[in-house]
Amino acid sequence: MLAEMASAEAHREPRGSRHLLRALRYRNYRLFIGGQLVSLTGTWIQQVAMSWLVYRLTNSALFLGLVGFAGQIPTLLLTPLVGIVADRFSRRRILLIAQALAMAEAFVLAGLTLRQIIAPWHILLLSGFLGLANALDAPTRQAFVVEMVERREDLGNAIALNSAMFNGARLVGPALAGVLIPTVGEGVCFLLNGVSYLAVIGALLVMRGQRRAAAHPDTAFLAGARDGFACAFGFPPIRAVILLLGWVSLVGTPYFILMPVLARDVLNGNAATLASLTAASGVGALAAALYLAASRSVIYFGRLIAWSAGAFGLGLVLLALSENLWVAMLLVLLTGAAFML
């Protein structure tokens, strides 16, 4: 009987491209993906332009690191608390607020740059402000996927497609930035990013669906935080993945912040070189995300995570030794794929 049930389930399971894109059957998820694709393309245009602008103004790898720190520290400190907020209030409204704040930051950055009064301390402050918006956005967006996808068996596909969309934007955005920076300047890149947020804000506004009941509304805020940490670190598989990801993110992913130094000082390139390296990373990550989206089982993912972490570290060691653009692009592609996996 179990064999018959398994056979019937396999018969019902979508195949080929239908299997790969099965989460797109949900209207709200399609709207979300479309709006995010436009918005994130603008985000990556700004990311490349801002990195290049910072290094052009300061010639300081230290200041590049400070800007990266300012953008990430709010996420580190606030994300656990934002997760509790997202359990108690409308996730769609939280995302609307986050997107509006990020749009405002992009327009201010564009105005200062186009008026040619931008200073490094402006970028530092605005990076911290954008970090606050991202701290609101990141955990809420992850949780919001659960609301948009009704069938639990499609959730893994939806998460993987979300990663594919993110890295598709990481491929297109830097390529556009490589063309825009030398032709129209960084200010126009920031302006385009500000406009791109209208796509995701519009998608969120036209979504339909029943209002989700708050999770544990009577639980005290700090008690909710304690329960969240207990759940995450009390379950060994989740604890292992979080600790591994935290360690790799601490000692590995900051290489991306120093990419302008690699592009200009090591590879003797320009903004187009930086864009090419960023896009190559996006190609690798996109390929890995599509592989995960097409996967029918997670039974081997534990081993895959371990091997991928090792491949990511090895790729960074080789990247540190490379002085050729094509070799560096290949290594960045491989590290992008390994980190995504």
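Reading guide: rules and limits
- Residues numbered from 1 in each chain as written.
- Predicted model: local features only at pLDDT ≥ 70, side-chain atom pairs only at ≥ 80, totals over all residues.
- Heavy atoms only, no water.
- Salt bridge = Lys/Arg side-chain N within 4 Å of Asp/Glu carboxyl O.
- Helix = DSSP H or I, 4+ residues; strand = E, 2+ residues; numbered from the N terminus.
- Buried < 20%, exposed > 50% of the residue type's maximum accessible area, 1.4 Å probe, protein only.
- Contact = heavy atoms within 4.5 Å.
- Axes fitted to C-alpha atoms, helices over the stretch in contact; angles between N-to-C directions.
- Parallel < 35°, antiparallel > 145°, perpendicular 65-115°, else oblique.
- Nonpolar A, V, L, I, M, F, W, Y, C, P; charged D, E, K, R; others polar.
- Left-handed = near helix turned anticlockwise from the far one by under 90°.
- 1 Å grid on protein atoms, 1.4 Å probe; cavity = no way out; pocket = protein on both sides within 12 Å on 5 of 7 lines; lining within 4 Å.
- Points joined across faces, edges and corners; volume = space filled by probe spheres on them.
- Core = buried A, V, L, I, M, F, W, Y, C linked by side-chain atoms within 4.5 Å.
- Patch = residues over 30% accessible without salt bridge, like charges linked within 9 Å, V, L, I, M, F, W, Y side chains within 5 Å.
- Areas by Shrake-Rupley, 256 points an atom, 1.4 Å probe, with all protein chains shown as cover.

Q: When you look at the pattern of salt bridges in this model, what are you seeing that I'm missing?
A: Two side chains carrying opposite charge are able to pair once their charged atoms lie near each other. This structure, assessed with the given rule, holds three salt bridges. Taking the shortest distance from any N to any O, the salt bridge between R56 and E186 comes out at 3.2 Å. Here the residue R56 occupies a position in helix α3 (residues 27-58), and E186 occupies one in helix α8 (residues 186-206), the gap between them amounting to 130 residues. In this structure E186 comes out as buried when scored by relative accessible area, which is 8%. With its nearest N and O atoms 3.1 Å apart, the salt bridge here joins R264 to D265.

Q: What should I look at first to understand the environment of L333 in this one?
A: Inspection of the secondary structure puts L333 in helix α14 (residues 325-340). Considering only alpha carbons, one finds L333 and S281, 52 residues apart in sequence, at a separation of 4.4 Å. Beyond its immediate chain neighbours, meaning those up to four positions away, L333 contacts A280, S281, V283 and G284.

Q: Explain the packing of helix α10 (residues 236-251) against helix α13 (residues 301-321) here, please?
A: Helix-helix packing is described using two parameters, namely the angle between the two axes and the distance between the axes. With their axes 12 Å apart at the nearest point, α10 and α13 run at an angle of 10° to one another. With respect to each other, α10 and α13 are oriented roughly parallel. Residues V241, L244 and V248 of α10 form the contact with α13, whose own contacting residues are I305, A309 and F312. Tallied by class, residues from the contact of α10 with α13 come to six nonpolar, no polar and no charged.

Q: Explain the packing of helix α4 (residues 61-88) against helix α6 (residues 120-148) here, please?
A: It is the contact of α4 with α6, at a shortest axis distance of 7 Å, that shows an interaxial angle of 25°. Between α4 and α6, the crossing angle belongs to the class labelled roughly parallel. When you trace α4 past α6, the crossing you get is right-handed. Looking at the contact of α4 with α6, its residues break down into 16 nonpolar, nine polar and no charged.

Q: I would appreciate a short explanation of the environment of G111 in the present structure.
A: Take G111: it is sitting in helix α5 (residues 91-114). By relative accessible area, G111 is classed as partly exposed at 29%. Through-space distance from the C-alpha of G111 to that of L191 is 8.0 Å; in sequence the pair is 80 residues apart.

Q: Got a minute to help me understand empty space enclosed by the protein in this structure?
A: Here the idea is plain: a probe the size of a water molecule rolls over the atoms and shows the empty space left. According to the stated counting rule, one finds one cavity of 30 Å³ or more in the structure shown. Each pocket or cavity is described by its volume, and for the largest cavity that value is around 40 Å³. Looking at the largest cavity, the residues that line it are Q47, V48, S51, F256, M259, P260, L274 and T278. Put simply, the parts of the chain that give the lining of the largest cavity at least two residues each are α3, α11 (259-266) and α12 (271-294). Counting residues per element, the lining of the largest cavity draws most heavily on α3, at three residues. Partitioning the lining of the largest cavity into residue classes produces five nonpolar, three polar and no charged.

Q: How should I be thinking about the nonpolar core in this particular structure?
A: The tendency in soluble globular proteins is for nonpolar side chains to be buried side by side. Counting 71 residues, the largest nonpolar core has Y29, I123, I181, M259, L277 and L319 as its most contacted members. Take this core: its biggest share by element is 13 residues, from α3.

Q: Teacher, can you tell me more about a nonpolar patch on the surface here?
A: On the surface, a cluster of nonpolar side chains totalling about 520 Å² of accessible area is made up of L76, L77, L78, L81, F129 and L132. Within the element layout of this structure, L78 appears in helix α4. Look at L78 and you get partly exposed, because its relative accessible area is 32%.

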